[in-house]
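Topology and contacts: notes
Listed here are the chains, written in short residue letters.
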Amino acid sequence: MKKNKNILIMVFFYIVGSALAIGYLPWWGLGVVFAFGALLFVKPLWQELLLGLLLGAALWTGISFIISAQNQHILYHRFMEGKILPLNPFLLTAILGGLHGLSGSLFGYMLGKWRKNLRK
Amino acid sequence: MQNKALQFVLTVLCGACFVALSYLGSHRITLGNGPIPPLGNLLYPTSGIWQQAESLDALPMESATQAKELRDEVSVYWDDQFIPHIFAQNEHDMFFAQGYVEASLRLWQMEFTIFAAAGRLSEILGDDPNLRDKILEFDINQRRIGMIYGAENKLQAIEKNPEALALLDAYTNGVNTYINSLRYEDYPLEYKLLDYQPSPWTNLNSCLLLMAMSKDLTDREFDLEYTNLKNALGEEMFFTLYGEYYNPMEPIFPPSTYPPTDSTNHSSPQPSAHPSSFDLAMPLRLNSPPDKNIGSNNWVIHKERSQSGMPLLANDPHLSFNAPCIWVEMQISCPGYNAYGVSFPGAPGIIIGCNDSIGWGVTNAGRDVKDWYQLTINDDRTQYYHDSVWKDLTYREEVIQCRGGEDVILNIPYSHHGPVVYDKITFPSERHTGDLALRWRAHDPTEEFYAFYQINKAKNWDDFLGALRYYSCPAQNFIFASLQGDIGLRQQGDFAILEERQGYFVMDGTSARFDWKESIPFEDMPTLYNPASQYASSANQHAVSPDYPYYTHGEFEHYRNRRLHSLLDNLHKASIEDMVSMQYDNYDLFASEMLPLMLSYLDSDKLANPVAQSMQSWDFMADAEKVAPSQFHLWYALYTDSLYKDDKFDSLWVKPNEYQTYFQLKDSIRHPFLEGDVMATQKKLLNTTFDVLCTVQDWDADSSQWGQFKGSTISHLLRIDGFSYGLPSAGGGEHILNASKTSTGPSWRMILDFSGEKIQGHGHYPGGQSGNPGSARYMGFVDDWLNKTYHSFVMESSSFFQEDKAFTKTVLLP
């Protein structure tokens, strides 16, 4: 029961935190939210990394895709045709979002570990 | 303990990685291959480039915007072509709204154009190692020819005219109100790619835009090259190859319209006074060579010759195929002012279009308004010798800020002529040690914005002429028609009264004799009003014949005008369809004269070659799917490359034009490039180059079709391929009425019909209203432009738009 409650709080935190970061903070704000998430909700390292990577990539790409779909992907195709970016824009967006989410989570995890060690 | 330390180090490392990633994603960094945009900012979905993936029904403005500078509410109606119709209660608000709307559509283009005009591109592109040197050279050249100096002079003139200043101030405030409303996510895409911010708009920026247009339209002068050529060839041969007048020339204005010779009192020609001893060797070419493809067509048909019994007016200026387009289409209206047409983003008013009473269009006059003077400057570079006295040079400091590098500071000397562009100490020309000063009409304090303001409000020919009194540079052929049924054409510009051939070559700057003094009086400018021919037209040809009492020279077109005249002469009941057909006329008059002559020199066995047969059977229509135009133009290029190849000159010299080359071949003219028997040499050249033509290209390939071969392309200002647009189905070309060339062509096609109670217009341009590459309207008109489809416009009032709910309305509130 307590475990479920914790998961609910965690999900709530990530939803609210992500929404606030996306709405009010610069692009790196989402990474900060993930860092706090990893700091507050202690999980195994692989879970933290996976969460940061997937959630970061999914959020960045998902929102981009929705915006691009409303545009019938006109801009996306112009970027692809002109090879303006070194990779597919969606893929690059996913990589950046994922990488930043991962690094935020990793930093939060390490910070949590270090804090725990200090208390010992 | 050791564990804790390791933990700490790892935590710090992870933190550093996180911060470093955040930092790198927020900053443009330069690596070996060039700068990388700040990818974090760029790709973040809620503020990066995805925000420019514009929803298909989005408008560039909020549905209601507060602007405290406004005096009353302004309504902007967007029609189905995304054309804004601005309705204000007063002129101030109208120009304010025009600035606001233009910025909302084209902000990045407006500012980038100004950066280029002012020689400031290094500020935004200077950190790219691949571009740095080229961009800096471009900026230095812009500074040296006095682009900012000219703009400042124009602004000073405007500041003396309260009415002109008020309209420019209102426009500038409108642009700035839009800029101030922007957050990072709203910035046009290119700001994000290049990682910089829009800066406040100024009145000087609009003047710089005018300077940029002046440069584009008056750049075709070859005084420096001609001076070299005359020295190398001798005067007689020079004028054989680079003649001033040709037959047939068919000027815009017939001799019957010229003022009587005795009404002028300019001095008679004294050829011996022309400088001939200068050895300029090879002066540096400023930027790229002038674009000889810039030009335009316009014509107007009198009511007696039209099907409807009222005038028809057509205009298509041939400017660069740019993305975003050089024009933006709109209606601006307030009590006492109602104009529709195209405007330059960054300048108030309508440049080409119509109002409730009249319609007008422009073509470039092509006359030379740039002259060069060789100065004698003292050793300490403080004075120059002129008119038997030493006069002070003034120095103007120009600072070029280079992104990621040190500022470049220029101290440019100025004489009374203007900037000493080639300065033997700090900016010498190649292998030349002289100081060359530039006298350019565009530097003068003039009020072209005010001229267009008055044109926009003109009700008849007299008003129109009155407005043109304020127009100086770049000189244009203004065509006119009115709902009263009158038509007219006038060449307007400020031209110095010159001695014969004065300004053809670099002049002696020590003598006051060659200074520009008086201008040709306004009353003596060539003009047609309701001409007996029942039409008037211009296509960048010589405006006047040698009978005109003032000396004129410049660089002119020799084919489009003759084709236009032949079509107009045979048109007696002209309709809109005829106008469309003429604007899309692909007949290549140059090829029709030159090709049979070239073929006549071919050996008889070569005439059976499929390439020769293809050209022989060509009807001279330069349609996109045909191969013969590609064959002819490539053959001509190969032939003239061989004909004019000479070790005495390098790539900086000017080839004689197509018209003169035709006469050389036709009349077997001997010149230094042809050795021995002229006819035999020409025959050898043509046969040799024909052999090359047959092998150099696969003539069965699709890429040999004219449309693909000439490769007309609308190029993004940053030359980004994905934001550019190829036009392989565009026919036409150089010397053809449908002047669609590789990078220039009909930048706005307009036809005005005066048969109704209101003027009915039809138009399109190769581009789209939105400057955002992420918008569906970025290339919104291109298919129409390719397919001869014009959208119609009528001078409607605001009540028309209020009643029809099909129009989307946005409001600017005080």
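Residues numbered from 1 in each chain as written. Chains lettered and ligands numbered in written order. Predicted model: local features only at pLDDT ≥ 70, side-chain atom pairs only at ≥ 80, totals over all residues.

Scanning chain A from N- to C-terminus turns up five helices and zero strands. The N-to-C order of helical and strand elements in chain A reads α-α-α-α-α. Viewed in the frame of its principal axes, chain A has a C-alpha envelope of about 55 × 30 × 25 Å. Considering chain A as a whole, with its 120 residues, one finds that 39% of them fall into the buried category. Relative to all contacts within chain A whose residues are 6 or more apart in sequence, the contacts with residues 24 or more apart total 77%. (Helix = DSSP H or I, 4+ residues; strand = E, 2+ residues; numbered from the N terminus. Buried ≥ 20, exposed ≤ 12 C-beta atoms within 10 Å, placed from the backbone. Contact = placed C-beta atoms within 7 Å.)

Turning to the overall build of chain B, a few remarks are in order. Counting secondary structure elements, chain B contains 23 helices and 31 strands. Against the compact-globule benchmark of 28 Å for 814 residues, chain B has a radius of gyration of 28 Å, which places it among compact chains. Along the longest, intermediate and shortest principal axes, the C-alpha atoms of chain B span 95 × 75 × 70 Å. In chain B, which comprises 814 residues, the proportion classed as buried is 52%. (Rg over C-alpha atoms; globule rule 2.2 N^0.38 Å.)

What follows is about the pairing of strand β24 (residues 535-538) of chain B. Residues and elements named next belong to chain B. Going residue by residue along β24, you find Tyr-535 and Ser-537 tucked away on one face and Ala-536 and Ser-538 tucked away on the opposite face as well. Two elements, strand β6 (residues 295-301) and β24, share four bridges in a ladder whose sense is antiparallel. Paired with Trp-299 across the two strands is Ser-537, which belongs to β24. (Pairing = 2+ DSSP bridges.)

Strand pairing in a sheet is mediated by backbone hydrogen bonds. Such pairs are either parallel or antiparallel. Residues and elements named next belong to chain B. The four strands lie next to each other as β18-β19-β13-β22, forming an open sheet whose pairing is mixed. Among the strands making up the open sheet, the edge pair consists of β18 (420-422) and β22 (507-508). By the bridge criterion, six bridges tie strand β13 (residues 370-375) to strand β19 (residues 435-440) in an arrangement that is antiparallel. The residue bridging Trp-372 from the neighbouring strand is Leu-438, located in β19.

Here the focus is the interface of chain B and chain A. Counting from both sides, the interface comprises 34 residues of chain B and, opposite them, 34 residues of chain A. The element contributing the most residues to the side of chain B that touches chain A is helix α1 (residues 2-26) of chain B, with 12 residues. Partitioning the side of chain B that touches chain A into residue classes produces 18 nonpolar, 13 polar and three charged. (Nonpolar A, V, L, I, M, F, W, Y, C, P; charged D, E, K, R; others polar.)

This part is about unusual backbone geometry. Cis geometry marks the peptide bond from Ala-323 of chain B to Pro-324 of chain B, where omega comes out at -5 degrees. Note that Pro-324 of chain B resides in the loop between β8 (322-323) and β9 (328-334). Cis peptide bonds are those with omega within 30 degrees of zero, and the linkage from Cys-473 of chain B to Pro-474 of chain B qualifies with 0 degrees. With respect to the helices and strands, the residue Pro-474 of chain B is situated in the loop between α13 (461-468) and β20 (476-482). One non-glycine residue, Lys-83 of chain A, lies in the positive phi region at around 45 degrees. Looking at the element boundaries, Lys-83 of chain A is found in the loop between α4 (74-82) and α5 (89-119). Even without being a glycine, Asp-195 of chain B presents a positive backbone phi close to 60 degrees.

If you look at the biggest cluster of nonpolar residues, it comprises 203 residues, and the most contacted ones within it are Ile-86, Ala-97, Leu-208, Val-300 and Phe-480 of chain B. Looking at which element gives the most residues to this core, the answer is helix α3 (residues 91-118) of chain B, with 16 residues. With sequence-adjacent residues up to four places away left out, Phe-480 of chain B is seen in contact with Val-300, Ile-358, Trp-360, Trp-461, Phe-464, Ile-487, Gly-488 and Leu-489 of chain B. Leu-75 and Phe-107 of chain A together with Leu-42 and Leu-43 of chain B belong to the second-largest nonpolar core, a separate cluster that totals 39 residues. (Core = buried A, V, L, I, M, F, W, Y, C linked by C-beta atoms within 7 Å.)

Residue and element names in this part refer to chain B. Taken together, 11 strands build an open sheet; the order of strands is β3-β31-β4-β5-β9-β10-β11-β12-β20-β21-β23 and the sheet is mixed. Lying at the two open borders of the sheet, with one neighbouring strand each, are β3 (64-66) and β23 (527-529). The average undirected angle you get between the axes of adjacent strands in this sheet is 15 degrees. Looking at chain direction, β3 and strand β31 (residues 808-813) are connected through three bridges and run parallel. In the sheet register, Thr-65 faces β31, and the bridge partner there is Leu-812. Across the sheet, α3 touches β4 (74-78), β5 (84-87), β9, β10 (337-343) and β31, and the angle it forms with β9 is around 160 degrees. (Axes fitted to C-alpha atoms, helices over the stretch in contact; angles between N-to-C directions.)

This part covers the pairing of β20 of chain B. Residue and element names in this part refer to chain B. Burial of β20 is extensive: seven of the seven residues sit out of reach of the surface. Side chains Gln-476, Phe-478, Phe-480 and Ser-482 project from β20 onto one buried face, and the interleaved Asn-477, Ile-479 and Ala-481 project onto a second face that is buried too. Pairing of strand β12 (residues 358-364) with β20 involves seven bridges; the strand directions are antiparallel. Bridged to Trp-360 within β20 is Phe-480. Pairing of β20 with strand β21 (residues 487-492) involves six bridges; the strand directions are antiparallel. Pairing of Ala-481 across the sheet is with Ile-487, part of β21.

Residue and element names in this part refer to chain B. One way to put it is that helix α16 (residues 589-600) packs onto helix α19 (residues 658-666) with a least axis distance of 10 Å and a crossing angle of 30 degrees. Classified by the interaxial angle, the pair formed by α16 and α19 is roughly parallel. Helix-helix and strand crossings are classified by hand; for α16 and α19 the assignment is left-handed. Mapping the contact onto sequence places Phe-590, Glu-593, Met-594 and Leu-597 in α16 and Glu-658, Tyr-662, Leu-665 and Lys-666 in α19. In terms of residue class, the contact of α16 with α19 is made up of five nonpolar, no polar and three charged. (Parallel < 35°, antiparallel > 145°, perpendicular 65-115°, else oblique. Left-handed = near helix turned anticlockwise from the far one by under 90°.)

Before going further, it helps to examine the domain arrangement of chain B. As far as domains go, chain B holds domain 1 (15-44) and domain 2 (589-710). On a C-alpha basis, the centres of domain 1 of chain B and domain 2 of chain B stand 53 Å from each other. (Domains from an automatic or database assignment.)

Below, the discussion takes up α4 of chain A. All names here are of chain A. The complete set of buried residues in α4 reads Leu-75, Tyr-76, Arg-78 and Phe-79. Projected down its long axis, α4 shows its buried positions confined to an angular sector of 165 degrees, all on one face. Among the structural elements, α3 (45-70) and α5 are those in contact with the buried residues of α4. Phi turns positive one or two residues past the end of α4, at Lys-83, with a value near 45 degrees. (Arc of directions from axis to C-beta.)

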